[in-house]
Every structure is written in structure tokens, then in C-alpha cells.
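Structural overview for review
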Amino acid sequence: MNDEKGMRVLTSLVALGIFVVAGLAAFYQSILALPLAIIGLIFVPFILMQNKEKYAHLAENLEKIAFIITFLIICITFICLYKPI
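So, here's what we can say about the structure. All values derive from a computational prediction rather than experimental measurement. (Residues numbered from 1 in each chain as written. Predicted model: local features only at pLDDT ≥ 70, side-chain atom pairs only at ≥ 80, totals over all residues. Heavy atoms only, no water.)

1. A few points about the packing of aromatic side chains
In plain terms, the rule: Think of it this way: a Phe, Tyr or Trp ring, Trp meaning its six-membered ring, pairs with another when their centres are within 6.5 Å, and the plane angle makes it stacked under 30 degrees, edge-to-face over 60, tilted otherwise. Burial status follows relative accessibility: with a 1.4 Å probe on protein chains alone, a residue under 20% of its type maximum counts as buried, one over 50% as exposed, and anything between as partly exposed.
Applying the stated criterion across every chain yields a total of 1 aromatic pair. Ring geometry for Phe78 versus Tyr82: centroids 6.0 Å apart, planes at 5°, classification stacked. What makes Tyr82 exposed here is its relative accessible area of 61%.

Rendered as C-alpha cells:
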């Protein structure tokens with residue numbers, strides 16, 4: 001159990017790092033990286049609160065939704081990339 005708690009803290013630090021790096025990229029390079037920074041900031045509290053049953057179930061549902069959205073975006077990207085001219 002203690003090992004799982006440490007892994008949760010490390011995972012939340014990774015999400016916080018994503019927020020910082022994407023925020024810097026949005027500030028210095030392009031505003032297109034801003035959504036990634038916002039998503040990283042949203043996931044930090046969710047990862048830290050996963051020791052409770054309610055939040056763990058919510059995180060699993062969010063993971064399924066994120067997978068479906070990512071799959072749809074990849075499909076749309078391939079359709080747009082390989083459409084006949």
C-alpha cells in the first residue's frame with residue numbers, strides 16, 4: 001500500500017511537470033500547447049485523490065473517455081491525411 005502511495009505521488013509529479021513544460025511551450029513558442037498544460041493541471045488532483053474508491057472509479061471512467069477521444073482523433077487525422085486530392 002505504501003508503494004502505491006509513492007507511485008501516485010510520482011505520477012502526480014509527472015502530470016505537474018507536463019503542466020509546467022506545456023505552459024512554458026505555450027508561453028514561448030505557440031499557444032497551441034496550452035490545452036496540454038490545462039489537462040496536466042486538471043489531472044494532478046485526480047491522481048493524488050485516487051486512494052478513495054469514488055475517485056478511483058472516476059479516474060477509470062475518465063481514462064476510458066480519453067482513450068475513445070484519442071482513438072477518434074487518430075482516425076480523423078488519418079482520414080484527413082490520406083484523402084484523395
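2. Brief notes about the environment of Tyr55
For the record, the criterion: A run of H or I in DSSP becomes a helix once it reaches four residues, and a run of E becomes a strand once it reaches two; helices and strands are each numbered from the N terminus. Residue contacts follow a heavy-atom distance rule, with two residues in contact if any of their heavy atoms lie within 4.5 Å.
Within the secondary structure, Tyr55 is located in helix 3 (residues 53-81). According to the relative accessible area criterion, Tyr55 is partly exposed, its value standing at 22%. Expressed as a C-alpha distance, the spacing of Tyr55 and Gln29, which sit 26 residues apart in the sequence, is 35 Å. If we ignore the near neighbours within four places in the chain, the residues touching Tyr55 are Met49 and Gln50.

3. Description of a nonpolar patch on the surface
What counts, and what does not: Each patch is built from residues lacking any salt bridge and having more than 30% relative accessible area; the joining distance is 9 Å for like charges and 5 Å for nonpolar side chains (Val, Leu, Ile, Met, Phe, Trp, Tyr). Here the open area of atoms and residues is found with the Shrake-Rupley method and a 1.4 Å probe, where only the protein chains shown may cover a residue. A pairing counts as a salt bridge when a side-chain nitrogen of Lys or Arg comes within 4 Å of a carboxyl oxygen of Asp or Glu.
Taken together, the side chains of Met7, Val9, Leu10, Leu13, Leu16, Phe19, Val20, Leu24, Phe27, Tyr28, Leu41 and Leu48 define a hydrophobic patch exposed on the protein surface, amounting to about 1,200 Å² of accessible area. Contributions of two or more residues to the nonpolar patch are made by helix 1 (2-28) and helix 2 (34-48). No other element matches the 10 residues that helix 1 contributes to the nonpolar patch. In this structure, Met7 sits in helix 1.

4. Details of the environment of Ser30
Tracing the chain through its elements places Ser30 in the loop between helix 1 and helix 2. Look at Ser30 and you get partly exposed, because its relative accessible area is 30%.

5. Notes on the state of the cysteines
Keep this limit in mind: In this description, the term disulfide denotes a pair of cysteine sulfurs within 2.5 Å.
A full pass over the atoms with the stated rule returns 0 disulfides. Here Cys75 stays free of any disulfide, with the sulfur of Cys80 as its closest cysteine sulfur at 11 Å.

Don't take any of this as a statement about function, it's just geometry.
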